Amino acid sequence: MNWMHSCKRVAELLSQRLDEPLGLIDEIKLRLHLSMCGNCSHVEQQLEGVHAATADLFASGVPADDEAPQRPAGRPAGH
Ligand SMILES: [Zn+2]
């Protein structure tokens, strides 16, 4: 058995893992690769960051207040 996934395979598994749990062997091989490959470790962090941000967005439903200071321009109130 080959215990090292290719970086391409790791990227596939990382994205697949966001939707469904991997098998034990794939999970172990993935962890093994990530522990030795800084590049794929970085990809994992990015993917999980995106996933968390997306989940957060769906959970809250609305953007943060300081993210959307959308007021109609050209109509100064109380002038
Ligand atoms: Zn890699």
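About the criteria used
Residues numbered from 1 in each chain as written. Predicted model: local features only at pLDDT ≥ 70, side-chain atom pairs only at ≥ 80, totals over all residues. Core = buried A, V, L, I, M, F, W, Y, C linked by C-beta atoms within 7 Å. Buried ≥ 20, exposed ≤ 12 C-beta atoms within 10 Å, placed from the backbone. Helix = DSSP H or I, 4+ residues; strand = E, 2+ residues; numbered from the N terminus. Contact = placed C-beta atoms within 7 Å. Axes fitted to C-alpha atoms, helices over the stretch in contact; angles between N-to-C directions. Parallel < 35°, antiparallel > 145°, perpendicular 65-115°, else oblique. Left-handed = near helix turned anticlockwise from the far one by under 90°.

Enquirer: Any chance you could explain the nonpolar core here in plain terms?
Expert: Burial of nonpolar side chains together is a common tendency in soluble globular proteins. Grouped together as the largest cluster of nonpolar side chains are six residues: Val10, Leu13, Leu14, Leu30, Leu34 and Cys40. Contributions of two or more residues to this core are made by α1 (7–17) and α2 (24–36). The leading source of residues in this core is α1, at three residues. Setting aside chain neighbours within four positions, we find Val10 in contact with His5, Leu30, His33 and Cys40.

Enquirer: Got a minute to help me understand the packing of α1 against helix α3 (residues 38–60) in this structure?
Expert: Where α1 meets α3, the closest approach of the two axes is 10 Å, and the angle between their N-to-C directions is 20°. As the angle between them shows, α1 and α3 are arranged roughly parallel. The two elements α1 and α3 meet at a crossing, and its hand is right-handed. For the pair α1 and α3, contact is made by Cys7, Val10, Ala11, Leu14 and Ser15 and by Asn39, Cys40, Val43, Glu44 and Leu47, respectively.

Enquirer: Please explain the environment of His51 as it appears in this structure.
Expert: Residue position: His51 is located in helix α3. Classification of His51 as partly exposed rests on a count of 15 C-beta atoms within 10 Å. Counting along the chain gives 33 residues from His51 to Leu18, while the straight-line C-alpha distance between them is 7.5 Å.

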